[in-house]
Amino acid sequence: GFVAGWAKAGKSDGARALCTRSSSAAAAGVGAARQQAAAGALRMAYASRELVTLVPCFRPRDVADFASTFAAFHDAIDPQAENSLHYGFSVSDEYVFCLESYASADGVRKHLENVGEVLGKALEIAELASLSLHGPKEQVDSMKGSILSNVGCKFFADEPTTAPTIFQPRTSGMARKDHYVHVYSTMKVKDGAMAELKKTFAALHDAKTPSEHDQLFMSFSIDEESNTAFRRDLYTTADGLIRFTNDMEPHLAELSSLVDSELTIHASAEQNAQLQSHSLGSSAKFFELDSRAQAWI
């Protein structure tokens, strides 16, 4: 199934605890004007070359009903205080992802405080199907033992040879519509294959050419405890992802031989249609970006 391999026991109760504890610190009345003030987040992320990504996946009773909460989430966030790099939702017929990255774990903490009340209401009509955190080891380790641990979060440390670099930073830091193509892949590593997989990650990372693939960043992270790896990358165009997939085919084939993976692509309806006509269409699950999704990179 979609969430196979993820620990789900007790997740719903823990998720509600997250909402209760976070909402007490949430600031009221955060609106669109504040979302235009995130220049500092971009400068920090590019200077440190660090990226911390939270990946919640929800299973709503009714996707359209759950989507009615998106505006409230956007009103609750504070991109400058959270050092946000991108934030928004993507939907399929059954699941909803929140696509969100920050310049540090501190940004994740602040974000959880800000959205706690809204999240509590959202979890009345959906369950948290999976949750994972990805970033530099020291950033990820700092979140272990936090409330995220109580809701079954999986913690993935970036493989050092593939630490993400934001290749084409926007210098203004002003909010813009997220028109990017987001790629997430969860990979269950075959027994005894982790060492070879890390070598393959490094070879792929060295071989790619971000400027030719319209690629903003790419990284692989690993949860050693569950023998699972995760790929996350971001493209400015669907054409870029197609060129990357074609050019890197030998490396991607080697990677595929070492894992059992589930690939998800999150983009506009038009970009998804373009990608579905490629070989990616037979291997990926597609999610449509909500029109309110924003980016500061």
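Residues numbered from 1 in each chain as written. Predicted model: local features only at pLDDT ≥ 70, side-chain atom pairs only at ≥ 80, totals over all residues. Heavy atoms only, no water.

1. Notes on unusual backbone geometry
Then, in step 1: In this model, N83 sits at a positive phi of 55°, which is unusual for a non-glycine residue.
Then, in step 2: By secondary structure assignment, the location of N83 is in the loop between α5 (79-82) and β2 (84-91).
Then, in step 3: The class of N83 is buried, set by a relative accessible area of 13%.
Then, in step 4: Residue D214 is not a glycine yet carries a positive backbone phi of 50°.
Then, in step 5: Looking at the secondary structure, you find D214 in the loop between α9 (194-207) and β8 (215-223). (Helix = DSSP H or I, 4+ residues; strand = E, 2+ residues; numbered from the N terminus. Buried < 20%, exposed > 50% of the residue type's maximum accessible area, 1.4 Å probe, protein only.)

2. Points about the nonpolar core
Then, in step 1: Counting residues in each nonpolar core, the largest one holds 35 residues, and the members touching the most others are F58, F66, F73, Y87, V108, L133 and L148.
Then, in step 2: Going through the elements one at a time, β1 (52-60), α3 (63-67), α4 (70-76), β2, β3 (96-102), α6 (105-122) and β4 (126-135) are the ones with two or more residues in this core.
Then, in step 3: Residue contributions to this core peak at seven residues, all from α6.
Then, in step 4: Setting aside anything within four residues of it in sequence, one finds L133 in contact with V52, T53, L54, V108, V140, M143, L148, C153, K154, F155 and F156. (Core = buried A, V, L, I, M, F, W, Y, C linked by side-chain atoms within 4.5 Å. Contact = heavy atoms within 4.5 Å.)

3. Quick notes on the pairing of β1
Remember that side chains alternate between the two faces of the sheet whenever the strand is regular.
Then, in step 1: The element β1 is largely enclosed, with a buried count of eight among its nine residues.
Then, in step 2: As judged from the five bridges shared by β1 and β3, these two strands associate in the antiparallel manner. Each residue of the ladder has a partner; that of L54, found in β3, is E100.
Then, in step 3: Direction of pairing for β1 relative to β4: antiparallel, over a ladder of eight bridges. What sits directly across from L54, in β4, is L133. (Pairing = 2+ DSSP bridges.)

4. Section: the pattern of salt bridges
Then, in step 1: Following the criterion strictly, the structure yields eleven salt bridges and no others.
Then, in step 2: R243 is paired through a salt bridge with D214; the nearest N and O atoms lie 2.8 Å apart. Residue R243 is located in helix α10 (residues 238-247), and its partner D214 is located in the loop between α9 and β8; the two are separated by 29 residues in the primary sequence.
Then, in step 3: What makes R243 partly exposed here is its relative accessible area of 32%.
Then, in step 4: In this structure D214 comes out as buried when scored by relative accessible area, which is 18%.
Then, in step 5: Between K285 and E262 there is a salt bridge, with its nearest N and O atoms 3.0 Å apart. Taken as a pair, K285 in strand β11 (residues 284-289) and E262 in strand β10 (residues 259-267) lie far apart in primary sequence, 23 residues in all.
Then, in step 6: For E262, a relative accessible area of 24% puts it in the partly exposed group.
Then, in step 7: Among the charged side chains, a network of salt bridges with common partners joins K137, D141 and K144. (Salt bridge = Lys/Arg side-chain N within 4 Å of Asp/Glu carboxyl O.)

5. Points about helix α12 (residues 269-276)
Then, in step 1: Among all positions of α12, only Q271, N272 and L275 are buried. For α12, the arc enclosing every buried residue in end-on projection is 100°, short of the 170-degree limit, so these residues lie on one face. (Arc of directions from axis to C-beta.)

6. A short note on the confidence of the model for the protein chain
Then, in step 1: Across the protein chain, the average pLDDT comes to 85, with 80% of residues at or above 70.
Then, in step 2: Residue range residues 1-11 is modelled with pLDDT below 50. Its contacts to residues more than four positions away, or to other chains, number 28 contacts.
Then, in step 3: Confidence drops under pLDDT 50 across residues 25-30; counting only partners more than four residues distant or on other chains, this segment forms nine contacts. (pLDDT = per-residue confidence, 0-100.)

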